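Structural description and commentary
Take a look at the letters that make up each chain.
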Amino acid sequence: MAFEKSLDLIRLAEMAAARHQGISLADVVEEFSVNQRTAQRMIRGLEMAFPSVRYTTDRDRRRWWKLEDTSLVRMQGIRDSELAALDMSIRRARRDGAELDAKALTALRDRLLALIPSSHARRAEADAGALLEAQGFACRPGPRIRIAPMILGNIAAGIKAPFSLEMVYKGAKDGTPRPRRVEPYGLLLGTRQYLIARDIDNGRAYRRFRLDRIVEATITGQSFARDPDFDLDAFAAQAFASFHADAEFGPVVWRFTPSAAPVAREFEFHPTQQLTEEPDGSLRVEFTASGWIEMVWHLYQWGNQVEVVAPDALRAMVDGFQRGDLGVLP
């Protein structure tokens, strides 16, 4: 019960901060379905918890409570259920043909996510997507690697806590699985899914561990201090997709034909990409990354509508495999 009252108080603070005039007792009665006396107690609790609350009296002698300092409210960020509800409203507007409403709601969604730290925004979007998927409003078609739910659950708990993990892992060069002790930092999700973790027994270097090669994962209960300089986005950007190879890291240049350029322009192939419009209408895409084999897998979908300008080794990998009869672009 005390927990529910705390949530009600936070919701009350949101209302008092968001509404221009503030809130009245009638607003509290209607929002929380309580009687007048309970509404008065809730207002007193709001005043005690938020000293910056001020009240005014209108010409009808009604009091309005306004929260001036909204810093504590902003700390809440965006809840996954709220973002999912906004996404569903956008879907309904598009389904009903209300395109202007859909554009307005999409712009509102973008501004809300821009106002909170990027890490919180990513988590909110991921949680909202998971919520929509669980409710049957979203799915992820296509092939995927099966990961044991127990293993993935322990990894997620270790990342959030954070706790180190005891893993049994079979590397590409291992004849049999062997134990590893790691400090988990994040996940890379793609065709192949990787755990990014510090290998405690190997100089604490950051490594990618394929989730489908983890036989067991157990939480040790031993916490560790995260490296404040570690940036998951920057780490992921070293690769085109999820696989990274130091020997392949370097500039990549693709040129899309004029007929494929409008479609290619809609893609973000890599966070560091630079797009250049060529005089003949073709599109030049440049970025710095590794992972040639995953680039080849992607480039195959474009058939003969894309040319690899650099590096030479990547161009040699796609040479002879660029078909002209696929009939559709990605």
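Anyway, here's the lowdown on the structure attached to this text. Everything quoted here is computed from the prediction, not taken from an experiment.

About the criteria used
- Residues numbered from 1 in each chain as written.
- Predicted model: local features only at pLDDT ≥ 70, side-chain atom pairs only at ≥ 80, totals over all residues.
- Heavy atoms only, no water.
- Helix = DSSP H or I, 4+ residues; strand = E, 2+ residues; numbered from the N terminus.
- Salt bridge = Lys/Arg side-chain N within 4 Å of Asp/Glu carboxyl O.
- Buried < 20%, exposed > 50% of the residue type's maximum accessible area, 1.4 Å probe, protein only.
- Pairing = 2+ DSSP bridges.
- Axes fitted to C-alpha atoms, helices over the stretch in contact; angles between N-to-C directions.
- Contact = heavy atoms within 4.5 Å.
- Phe/Tyr/Trp six-rings, centres within 6.5 Å; stacked < 30°, edge-to-face > 60°.
- Core = buried A, V, L, I, M, F, W, Y, C linked by side-chain atoms within 4.5 Å.

The bulk of non-glycine residues show a negative phi, and the bulk of peptide bonds are trans. Here the residue pair Ala-161 and Pro-162 is connected by a cis peptide bond, since its omega of -10° sits within 30 degrees of zero. Here Pro-162 shows up in the loop between helix H8 (149-160) and strand E3 (163-169). A cis geometry characterises the amide bond from Ala-310 onward to Pro-311, with omega recorded as 0°. Relative to the helices and strands, Pro-311 is located in the loop between strand E11 (306-310) and helix H12 (312-318). Even without glycine at this site, Ser-33 takes up a positive phi of about 55°. Its place among the elements puts Ser-33 in the loop between helix H2 (25-32) and helix H3 (36-49). The backbone of Arg-61 sits at a positive phi, close to 65°, despite the residue not being glycine. You can see Arg-61 is positioned in the loop between strand E1 (53-57) and strand E2 (63-67).

Another point: the pattern of salt bridges. Inspection of the entire model under this criterion finds 15 salt bridges. Put simply, Asp-174 and Arg-178 hold a salt bridge, and the shortest N to O gap is 3.5 Å. On the accessibility criterion, Arg-178 (39% relative accessible area) is partly exposed. Here Arg-210 ties to Asp-212 by a salt bridge, and the two come within 2.7 Å at their closest N and O atoms. A relative accessible area of 14% means that Arg-210 is categorised as buried. In the salt-bridge network here, residues are joined through shared partners; they are Asp-58, Asp-60 and Arg-62.

Here we take up the sheet that holds strand E5 (residues 194-199). If you trace the five strands from one edge of the open sheet to the other, you get E6-E5-E4-E3-E7, paired in antiparallel fashion. Edge positions in the sheet fall to strand E6 (205-210) and strand E7 (214-223), since each has one partner strand and no second. Direction aside, neighbouring strands of the sheet carry axes that sit 45° apart on average. Note: E3 against E7, six bridges, orientation antiparallel. When the bridges of E7 are listed, Leu-165 appears paired with Ile-219. On top of the sheet, H8 reaches E3, strand E4 (178-188), E5 and E7; it is set at about 30° to E7, its chief contact.

The subject of this paragraph is the sheet that holds strand E8 (residues 250-256). Read across the sheet, four strands follow the order E9-E10-E8-E11 without closing on themselves; strand pairing throughout is antiparallel. Only two strands of the sheet have a single partner each, and these edge strands are strand E9 (274-277) and E11. Pairs of neighbouring strands in the sheet enclose a mean axial angle of 25°, with direction left out of account. Alignment of E8 against strand E10 (residues 283-289), held across seven bridges, turns out to be antiparallel. For Phe-256, the partnering residue across the bridge sits in E10 and is Leu-283. Its contacts with the sheet put helix H11 (residues 292-300) on E8, E10 and E11, and the angle it makes with E8 is roughly 5°.

Counted by the stated rule, this structure contains 18 aromatic pairs. Each residue in the set Phe-240, Trp-254, Phe-256, Phe-267, Phe-269, Phe-287 and Trp-302 is aromatic and connected to the rest through ring pairs, giving one cluster.

In this structure, Trp-254, Phe-256, Phe-269, Phe-287, Met-295, Trp-302 and Leu-314 are the most contacted members of the largest nonpolar core, which totals 21 residues. Counting residues per element, the ones that place at least two in this core are E8, helix H10 (261-264), E10, H11, E11 and H12. Ignoring any residue separated from it by four or fewer positions in sequence, one finds Met-295 in contact with Phe-240, Val-252, Trp-254, Phe-287, Ala-289, Ser-290 and Leu-314. Listed in part, the 17 residues of the second largest apolar core include Ala-13, Met-42, Leu-46 and Val-53.

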